[in-house]
Each structure stands twice: as C-alpha cells, then as structure tokens.
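The chain contents come next:
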Amino acid sequence: MYKGYDMNKRIIIMGIILIATGLASAAEKETLDSKTAQARDTHTVSGALTLWYTQPATEWTKALPIGNGRLGAMVFGGIEREHLQLNEDTLWSGGPHCYDNPDAYQYLATVREAIEQGEFVDAEATAQKMLGHPKYQQAYQPLGDLFLNFPKGEKSSEYCRKLDMQNAVSEVSYRIGNARFTRKVFASHPDQAIVMRLECDKPRRITFDLSMKSPHAFKSQTISDDTLSMTGHVEPREESHLIGPWEGEGLRFAAHVKVAAKGGKVVAQGDKISVTDADTVTLCYVAATSFVNYHNISGNPLTKVGDYLADIKGKSFEQLYKRHIDDYSGLFGRVSINLGGKGPAILPTDERLKRVAEGAADPLLAEQFFQYGRYLMIAGSRPGTQPLNLQGIWNDKINPSWGSKYTININIQMNYWVAEVCNLSECHEPLLRMVGELQAPGRNTAKVHYKAGGWVAHHNTDLWRGTAPVDGAQWGMWPTGGAWLCQHLWEHYLYTGDTEHLKKSYPILKGAVEFFLDALIENEDGTLITSPSLSPEHSHGGGTKDGLSVGRAGTSVCSGPTIDMQILRDLFANCIEASEILDIDKAFRSQVTKTRARLAPMKIGRHGQLQEWLVDWDNPEDQHSHVSHLYGLYPSSKINRRDTPKLFEAARTSLIQRGDAGGWPGAWRISLWARVGNGDRVHNALNNHVMPRLAANLFNSGRVFQIDANFGATAGIAEMLLQSHGGEIHLLPALPKAWATGSVKGLCARGGFEVDIEWKNGKLVQATIHANQDGTFRLYAHDKPGDTILLKKGQTKVWSGM
C-alpha cells in the first residue's frame, strides 16, 4: 500500500464503482478484498485488454501463455521462484515415418460388402485390419522448464500478475519492503526469442539463480560467463494411450539463455547462472530442434540457436521490445470490439469467471474472450511455423491427451475458423501449407489402402504427416479429413482474392477430388457415396440394413454419412469454380460436374431432423457432442434459410435436439446458432455453457485441455456480428439482447472486404465497408435486405441500413 493512502476511502470508492458497473452486490461492496484493491489501485491493470490476478499460478492452467508462433511458454509468475514451461512447435515424439498398411486393401471389398448387408459389427471388426502401422500416431512434446530462484526473505505485498493482450506481454509486479519488483516477459517473432526483463525501483536488489531442465534426456551447462545451455533428445518410447511406439532416432533439441545484467555480478556455476545485486537484468531465451521437414531431421539445433543469439547481439532491451510491439500490434490492432462492457476490469479475471459461472453477465469478459482467441492465434501460428495442434503450441506433458496431435475431423479446422474473419489471414499460412504437405503421403495412402488416384487423409495427422486411418476403425475409417482441410484453401481465396494462392492450391484441390472419383461407390438408388466411412466419433446404432433395430450397437462404420456428402459437394464445387477462374482443365471440370450431380442428397428424418446418416438412425434423445451433419450449416453455407429452407429447418431441429454443451462442442454451437439467427440462444451457449468451463487463464478447460474452443468461440462471436456468403454481407445477423449497444471494427467478409459496424439499442447505426479488391455484394441488416453495392479496390461504403 502506498504511504499516505487512506484504505477506508479506497474501499468506499471501489464499492461505488462496483455498484456502477453492476458487478457486485451491496454486501460485496463492503467486503472488497484488500489484496484485490491493492492490486487494482497500485498497478496498471485497468486496460480492457488485460487479464489480471492477485496471486501466482499454482498450476499449469492458471499460468499465462505467450508465444511467437514457434516458441511457446507458460508463465507462472512466482515470487520465490519464477517458472516458464517451454515448448518448441517441432518437438514431437517419433521420426519420419509412413503409416500406410500394405495389407489394408485386401479387406476393403469385404468391409464394403458387410456394410451393404447391414453387418456393421463385422464391418467395423474387419476395418480394424485396415488401420495404419502403427495404429497410433506420435505426440507433441514439452521441451523443458526455465526457473529463476529468488532469495527467500520478507513477505511480499501488492502482488499483481497480468497478461496485456494489447502488447502480448506477461508482467508480474510486487513489493518486498520498500522495493517494487517487476518482470516482463514476451515472445518476439522478429527476433525468435523469449525475452524477460527484471527491474526494481531500488538499486542492487535483483538476485536469483537461473536454471533449466527437461523431461527428456538432457544436459544443462554454462557455456560462457553469461550463457546457459541445455541440449537433449526425445528418446524411443513404447506404445501408450493413443500414442504410437518409436524405436528409431528421435528429434534433438537445444536451448540457450543469455544473461545481460546492469550492475551486480553474473557468475556461471556448472548447470546454473547466478545473478547477485543487479539493478536490471535481461534474459534472452532461444531454442530449436533438428527438424528440417516431415521427412528430414538432420538439422543442427546448436547451430540454429547460435544464429538466433547472434542476430540478437547488440540489440538493447528497448529495441527488442519495440520490434516485438511493432510486429505484434500490426496484427492484433486490426480488430477492436465493444459489446457494452464497462471498463476498467475492477475484479481479477478469475473472480469474474466465477461470477459468470454463477450466472452473471460480463460483456467486458466476452470482449476479452473474443480478443484472447485472436491473441492465441498470433502467439501460436505464424508463417513458416507448424499449425496449431489440439493444444495450440502449449503442452507440459510427455503423454498429452490424444497426443496433442492434429485431429482433422473438426478440431484443427475449428482452430483456424478465426483466421480470415478476424483479420489474421497471415496466421492461416501454417495450416494451408500443411494441406499441401499432406499430398505426397496422402497419394501413397490412396494407392496402398484403396488402389485409388489422388490423395486422401483420414481423421488425424501429426508432425510426420501421417494420412492412414489410425486409432481404431470407429474413429479412423473416415476418408474425408483431407477434403475438409481443402475448404480452408478455398476460404483463403474467397477472403483475399489471391489468384497466386489459387494457382498453387488448385492441384491440391484436384488431387483430393481425384481420390473420390475413384473411391466413391454406387448406392442402390444410383447415387454416389463413400464407403467405408463414418460420422466422426458417433456411433449410429444400426444393427440392420433398414435401421429399425432397437438399441445402439456401438458401431460407427457405415457408408455415405451426411457430412461426407456435404464436404464433397463443397470440394467438387470449389474445384469446378477454381478451374473456371484459372481457365484450365475444362474436360476434368465437366467430369467433376457430372459426378457432383450424382452425390447422395441430404435427407430429412422421421423426427423432422437433418439425418446424420443415409439411414434414419438419429436418436433425438442423444445429445452427442459432435454435430458433424451440421457442417452444411456451418462452416459451410450450403444449408441456409433462403436457398434450402426445408433443410435449414431440419438442421435447426437437429441443433435443438443435440442440446447445449461446453468446450469445443459448445463453441461449434455458437456459430451454428448464429447461422440460424438466434442471438439470444447464441449468447446462452457462450455465457452459460462455454465460458463457465474456462480455466483461470481463459483456456478452454473441462476434463482435459483443448484449445479449439478458444478459437471456435472467437469465430462464433464474429459470426454473431457479421456473416458473408453467397455474395451477401449480413450485419448483426444474431445480435443478442445482452449486447444491445456496441461496435466492432476490422472484421473481414468474403470477397475481400473489411467491415466496421456500430449499433445502438439493438439496431444498426452505421456500417463501413472497405474494399480490398473489386467486388459486388448485397447488404443485409438484421436479416433484412438492403442495397446491392459495387465497390472498386480502395473504395469505402458507409451504410445505415436505410
């Protein structure tokens, strides 16, 4: 507490603010925790884009994530010990490997015949023999931990830990005696380093021991008076839950930390560096692995980290900080949002989360949650890095849940829904590049498993770009993962109009189509279907061909699930249109057009629902997390109110029957309800189901950590405010009553437009549409049609809905 500051007056003032913002009751006004008040008043935590806490993190999901796309860290913010848990996005178990099973094809006809006869249990059992070798893929790995151990002494006060999303900086501040200590940590993309700055407002007060360790085989040692080094390698492993064995050479890694102190002493001591009595200290951490690409791990990590440190040499902390801010703010600052939240955030973030879980409304927290998804995208996905996996780039476990892989039956796609609409198109590049990298292994899988042309990928891939079916037939026998990923190639074109990207993407789209031209089979009604396949991670319960069996057989394998037909309609249509735009492949285009017309249609079932399968197996009491058959509603737009009104109502019925959920299933439901146009139901999904399951650091929590819900929710909030498809731009299509007044700036619409929207009392005030390329579109406000507008590149249209 600052000298001369009257605590009683502060409590009264804080109580008045609490009443004004509606975030506390009269009783809470009188009992505002003094530690919270100290932190709130004595530190700059009031920014609308700041998450803040009054205690260090005691567990991983309370630590704060930072990243530069390649390097990730979880910052715990301790007082006696600072802890950074470290990741590098190419450190995985295993090594270059082809998962294809040379015996798989001999079982294909048998599986198809069993499905045709309605013998689904037998079909699934036989399909187990078609799985890849090994049947589990590899896992994303932690690199290690960095520790700063401080002297134990006087009790601290006025502690505050925060994440400034505006600048991508984690900061810790506290007082010991008459001295205030601060630590700032950021992950610099331009300098490929994690930088920590330690300061004190009193001279010669900074003392600590620096060390590093790793859960892998490692050696830590000082290599100069001011540099600590850690080297190691990922060892061979036995099979564990959903993670395959590996007996060959593993990835090698290296990490260096360089210490620069003003005042005091820096002493290298074996496996640690000791700093004593310094005024300020700057730490620069760099790391690398031997990964070159998915079939080459011959790189030299020590050479890489040496080059990173050489590039940093001579740069002051102020220069490093400015380069980081300039780079990051150029991305993050493109979008701003105001949902009616009243700043500043006068309670710590974890306390606000508890109140939301108890039913309180907190529009400011919703704004922060939206921007947190954008923050994580920038922190975890940059051009040239690996794509965001199930945990982004943050993982502290040797055996993470589901291997922290790339699950491509919804999860990794959901990670990237945010990229284009939220004006982070550059951050989409790692996923788009991975789709291209899947071609070569996917062609081999198509040949070995199906004797088909083109390329295919199933429901999972990893650093080694595995494309064979894995895990188990009930999950892995889904041949449409690569086809869904191709939608991202097309979406990037729709948003940017980048014809060079389209030229590079066309062979990938064409290859995916070629596989299905060979692999589709004719159904008894003459339509074309996939077989074998499944509706991702959902058992259909069909025990007989007519689907009239009672109970659930527990099998998933089937033919022609609705999601396959929806994805293939999109894939084929995109390939056709790309061919037309590029004026190539006329004969192939004609073939694809004819085949697309024969794809099995979507069906409406006996409960009024959109059928998930060819057979009407849907159980309206089964509120399963996956809603794969609603792909056509979102992220696709083939199901919509104007063009397919009956299918639209059937999809709405299915959405009601599936109920609400938290986590990533809830995040998908946010966008689905936004497409339906029900803003209050969307807000319910967000505020009452997704946000209450957030961890203290706003990571999606629950039974295990998956990051997809963070990105899916951000995309869903954008979808509530702006939708664009079919040559239309819809403003405020699903605005809830809870966000009656607000604004958003910088969202992107398909066609190459940036959109700013302002509304008041639930009605559009003004929209500004800026054209980044020539285009024509029709505007809608609150689903009511307006003008058709032609804009040339660089032009702007201001529209009030009149």
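Look up: the structure comes first, before these words.
Just so you know, these numbers come straight off a predicted model, no measurement behind them. (Residues numbered from 1 in each chain as written. Predicted model: local features only at pLDDT ≥ 70, side-chain atom pairs only at ≥ 80, totals over all residues. Heavy atoms only, no water.)

## What to know about the side chain of N697
- Of note, N697 is situated in the loop between α21 (679-690) and α22 (708-721).
- From its side chain, N697 meets the backbone oxygen of T61 in a polar contact 3.2 Å long.
- Residues contacting N697, with those up to four places away along its chain left out, are L51, Y53, W60, T61, K62, A63, L64, P65, M74 and Y372. (Helix = DSSP H or I, 4+ residues; strand = E, 2+ residues; numbered from the N terminus. Polar contact = N/O pair within 3.5 Å; in protein donor to acceptor, adjacent residues only side chain to side chain. Contact = heavy atoms within 4.5 Å.)

## Brief notes about the sheet that holds strand β17 (residues 336-338)
- Taken together, five strands build an open sheet; the order of strands is β17-β24-β25-β26-β29 and the sheet is antiparallel. The outermost strands of the open sheet, each flanked by one partner alone, are β17 and β29 (796-799). Neighbour-to-neighbour, the strand axes of the sheet open up by a mean angle of 20°, direction not taken into account.
- Relative to strand β24 (residues 742-749), β17 runs antiparallel, the two being bridged by three bridges. Bridging across to β24, I337 finds its partner in V744.
- In the packing of helix α9 (residues 363-380) onto the sheet, the strands contacted are β17 and β24, and the crossing angle to β17 comes to about 160°.
- Together, β17, β24 and β25 (753-760) form the strand contacts of α22, whose direction differs from that of β24 by roughly 105°. (Pairing = 2+ DSSP bridges. Axes fitted to C-alpha atoms, helices over the stretch in contact; angles between N-to-C directions.)

## Quick look at empty space enclosed by the protein
- Here the structure, examined in full by the defined rule, presents seven cavities of 30 Å³ or more.
- Looking at the largest cavity, it is lined by 18 residues, and the ones nearest its centre are W417, E491, Y495, Y634 and R750.
- Only α11 (417-421), α15 (481-496) and β22 (722-725) provide two or more residues apiece to the lining of the largest cavity.
- In terms of residue count, α15 provides more of the lining of the largest cavity than any other element does, five residues in total.
- Grouping the amino acids of the lining of the largest cavity by side-chain chemistry returns nine nonpolar, five polar and four charged.
- Counted as a void, the second largest cavity has a volume near 70 Å³.
- In this structure, the second largest cavity is lined by Q609, D618, N619, P620, D622, H629, S654, Q657 and R658.
- Each residue belonging to the lining of the second largest cavity can be placed in one class, and the counts come to one nonpolar, five polar and three charged. (1 Å grid on protein atoms, 1.4 Å probe; cavity = no way out; pocket = protein on both sides within 12 Å on 5 of 7 lines; lining within 4 Å. Points joined across faces, edges and corners; volume = space filled by probe spheres on them. Nonpolar A, V, L, I, M, F, W, Y, C, P; charged D, E, K, R; others polar.)

## Some details on helix α20 (residues 663-676)
- The end-to-end C-alpha distance of α20 is 20 Å, a good match for the 20 Å that 14 residues give at a rise of 1.5 Å each.
- Following α20 by one or two positions, G677 has its phi on the positive side, about 95°. (Expected span 1.5 Å × (residues − 1).)

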